[in-house]
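Chain by chain, the residues:
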Amino acid sequence: MNRKLLAGLMLGVGLSVTPALAADLRIALNSDADVLDPDQSRTFVGRIVYTSLCDKLIDITPDLKMIPQLATAWSWSDDGKTLTMELRQGVTFHDGEPFNAEAVAYNIERSMTLPESKRKSEFASVEKTEVTGEYEIKFHLKNPDATLLAQLADRGGMMISPKAAKAEGVDFGANPICSGPFKFKERVAQDRISLVKFDEYWNADKIHFDSVTFLPIPDTTVRLANLRSGDIDMLERLAATDLSAAKADSKLKVEAATSLGYQGLTLNVGNGERAKTPLGESKLVRQALSLSIDRDALNQVVFEGAFQPGNQQVSPASPWYNKDIPVPARDVEKAKALLKEAGYDRVEIEYSVPNNPVQMQIAQVVQAMAAEANIDIKIVSKEFAKLINDDTSGDFEASQIGWSGRIDPDGNIHAFSVCGAGMNDSGYCNPEIDELLNAARSAPDDASRKALYDKATKILDKDLPIIYFYHVKWIWALSNKIEGFKPYPDGMIRLEDVKFAD
């Protein structure tokens, strides 16, 4: 019996209908999201929630082509310094306020000026916006920016209600109001984020759930057990070690897509007092740590070979990868020699890691490898939200954290490497890197951009503010009662045309 029929029968006999019987989709997340404000947030799971909550100006297809969402068309001036966007009409925010060019102008200004905004570097090229019609806006740039459309296809392009944002200020994330297919209902930290269908959504005919509930369940075994028992309908980031078991379960289906991002270790080299360590002050120590790690073995031990070992901000399969710097082989003796050159016989590192089993296993493997190179690692497990806060404030030495990736290569490197950029938790600052990465944003073609990224990658490979480990494959497991789900390389869960089978 399908859920809608059962709900109807219960109503007929006067019983209340629980959310699960009212087409409530329950999705298990790998961790809890951070603040639900597109300007302030930075977590991957937060972006998953936003995909149901906050529409963007631009979206992407599974093969990474840009398509309209709240913007219906766009064009560039001949000099590449003016972007004109035509906007979708008939769209309202969840509080009933209209979406129009004035709303877009407000959102961009907020992203650029809110003190807590992590989007500032993403819009560094924007001089101003100009409202040229109720549903037309121009972006006037200081210089050509090849990355701007990609930013507008991400958090930078997510539109929030100006009325609500002005009223709530920095606390907007406690009750976010956007224009997506679902509106915010409630949040219980570390327990759930509940959204309900927005009946006035411009594309409502494509939405087939009355609500969607996101449940943070860090333990991969528990997530899969909940899926098998029917307590959840879908989980994101199935553990690679559970892949064969999930595929063998007739009640489940598995979908996968290769990610655009990376996983690795961010090292504090200039973010406050805790950067004053051998690791933070010597690139030779950082190079020794990198050489102590066998990335292939890490992939085999933790992921049964399912992922791609890496050493750059993009994977070896990417056209933006610098082939002159291949993934290094493990070299314990050279690592020891580098420590000696730096003036140390042994060093100790405090290593922060999210408190889920897979991430802990990665840290333990790295710990064992590093010890053989005279690098002693003390593992400190943290709730993911605390790890993020500590990274931002500089309260760490080394932090095992990754990035979900962006469709433009700039999105994997600029905000993490430029002096003072919004997600540069390492505190790394090198004017030469700033010059190269800023130039890549305005370079006239991909070949020119690639040459600039290659130069930057050579410098970063020596300085190592981030040690890259591997590139994941997004794996979703879901009930076989769900149909219409499409995997995307950005790892997001888009619910248009997704529904429970009749």
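This text gives an overview of the structure that appears in the document. (Residues numbered from 1 in each chain as written. Predicted model: local features only at pLDDT ≥ 70, side-chain atom pairs only at ≥ 80, totals over all residues. Heavy atoms only, no water.)

## Looking at the overall build of the protein
Then, number 1: The helix and strand tally for the protein stands at 16 helices and 21 strands.
Then, number 2: Here the C-alpha atoms of the protein give a radius of gyration of 23 Å, agreeing with the 23 Å that 2.2 N^0.38 yields for 502 residues.
Then, number 3: Projected onto the principal axes, the alpha-carbon positions of the protein cover approximately 75 × 55 × 35 Å.
Then, number 4: Taking all 502 residues of the protein together, the buried fraction comes to 57%.
Then, number 5: Taking all contacts inside the protein whose residues are at least 6 apart in sequence as the whole, residues at least 24 apart take part in 69%.
Then, number 6: Between the mean site of the 57 positive side-chain charges and the mean site of the 73 negative ones, the protein shows a separation of 2 Å. (Helix = DSSP H or I, 4+ residues; strand = E, 2+ residues; numbered from the N terminus. Rg over C-alpha atoms; globule rule 2.2 N^0.38 Å. Buried < 20%, exposed > 50% of the residue type's maximum accessible area, 1.4 Å probe, protein only. Contact = heavy atoms within 4.5 Å. Lys, Arg positive; Asp, Glu negative; His and termini not counted. Charge placed at Lys NZ, Arg CZ, Asp CG, Glu CD.)

## With respect to helix α3 (residues 101-113)
Then, number 1: The first and last C-alpha atoms of α3 sit 18 Å apart over 13 residues, in line with the 18 Å expected at 1.5 Å per residue.
Then, number 2: Looking only at α3, the buried set comprises A101, A103, V104, A105, N107, I108, R110 and S111.
Then, number 3: Against β5 (82-87), β6 (126-133), β7 (136-141), α4 (148-152) and α5 (162-168) lie the buried residues of α3.
Then, number 4: The N-terminus of α3 is capped by N100, whose side-chain oxygen sits 3.2 Å from the backbone nitrogen of E102. (Expected span 1.5 Å × (residues − 1). Polar contact = N/O pair within 3.5 Å; in protein donor to acceptor, adjacent residues only side chain to side chain.)

## Re the packing of helix α15 (residues 431-442) against helix α16 (residues 446-463)
When two helices pack together, their arrangement is given by the angle between the helix axes and the distance between those axes.
Then, number 1: Where α15 contacts α16, the two axes come as close as 9 Å, and the packing angle between them is 155°. With respect to each other, α15 and α16 are oriented roughly antiparallel. Seen along the crossing, α15 lies across α16 with a hand that is left-handed. Touching E432, I433, L436, L437, A439 and A440 of α15 are R449, L452, Y453, K455, A456, I459 and L460, all from α16.
Then, number 2: Of the residues that constitute the contact of α15 with α16, the class distribution is 10 nonpolar, no polar and three charged. (Axes fitted to C-alpha atoms, helices over the stretch in contact; angles between N-to-C directions. Parallel < 35°, antiparallel > 145°, perpendicular 65-115°, else oblique. Left-handed = near helix turned anticlockwise from the far one by under 90°. Nonpolar A, V, L, I, M, F, W, Y, C, P; charged D, E, K, R; others polar.)

## Some details on the side chain of S194
Then, number 1: For S194, the location among the structural elements is in strand β9 (residues 192-197).
Then, number 2: Each residue touching S194, except ones within four places of it in the same chain, is listed here: K183, F184, K185, E186, V212 and T213.

## Some points on the nonpolar core
Then, number 1: Counting 128 residues, the largest nonpolar core has L57 and M85 as the members making the most contacts within it.
Then, number 2: If you look at the next biggest cluster of nonpolar residues, it comprises 12 residues, including L227, L252, I475 and A477. (Core = buried A, V, L, I, M, F, W, Y, C linked by side-chain atoms within 4.5 Å.)

## Description of the packing of aromatic side chains
Then, number 1: Overall, the coordinates contain 12 aromatic pairs when judged by the stated rule.
Then, number 2: Where F209 meets F500, the ring centres are 5.1 Å apart and the plane angle is 80°; that geometry is what we call edge-to-face. Within this pair, whereas F209 is found in the loop between β9 and β10 (211-216), its partner F500 is found in strand β21 (residues 499-500), the two being separated by 291 residues in sequence.
Then, number 3: By relative accessible area, which is 1% here, F209 ends up buried.
Then, number 4: Given a relative accessible area of 13%, F500 falls into the buried group.
Then, number 5: Plain terms: the ring middles of W476 and F485 are 5.4 Å apart, the flat faces sit at 65° to each other, and that makes the pair edge-to-face. Grouping residues by exposure puts W476 and F485 together as buried. (Phe/Tyr/Trp six-rings, centres within 6.5 Å; stacked < 30°, edge-to-face > 60°.)

## With respect to the side chain of Q312
Then, number 1: Within the fold, Q312 resides in the loop between β14 (308-309) and α11 (332-342).
Then, number 2: A relative accessible area of 1% means that Q312 is categorised as buried.
Then, number 3: Within polar-contact distance, the side chain of Q312 engages the backbone oxygen of I325 at 2.9 Å.
Then, number 4: Dropping the residues within four chain positions of it, Q312 is found in contact with Y262, Y321, N322, I325, T457, Y468 and H471.

## What to know about the environment of S125
Then, number 1: Looking at the secondary structure, you find S125 in the loop between α3 and β6.
Then, number 2: Take S125: its relative accessible area is 4%, and that puts it in the buried class.
Then, number 3: Separated by 20 residues in sequence, S125 and D145 place their C-alpha atoms 6.5 Å apart.
Then, number 4: S125 has contacts with H140, L141, K142, N143 and D145, leaving out every residue within four places of it along the chain.

From the geometry alone we can't say anything about function, so treat these as descriptive.
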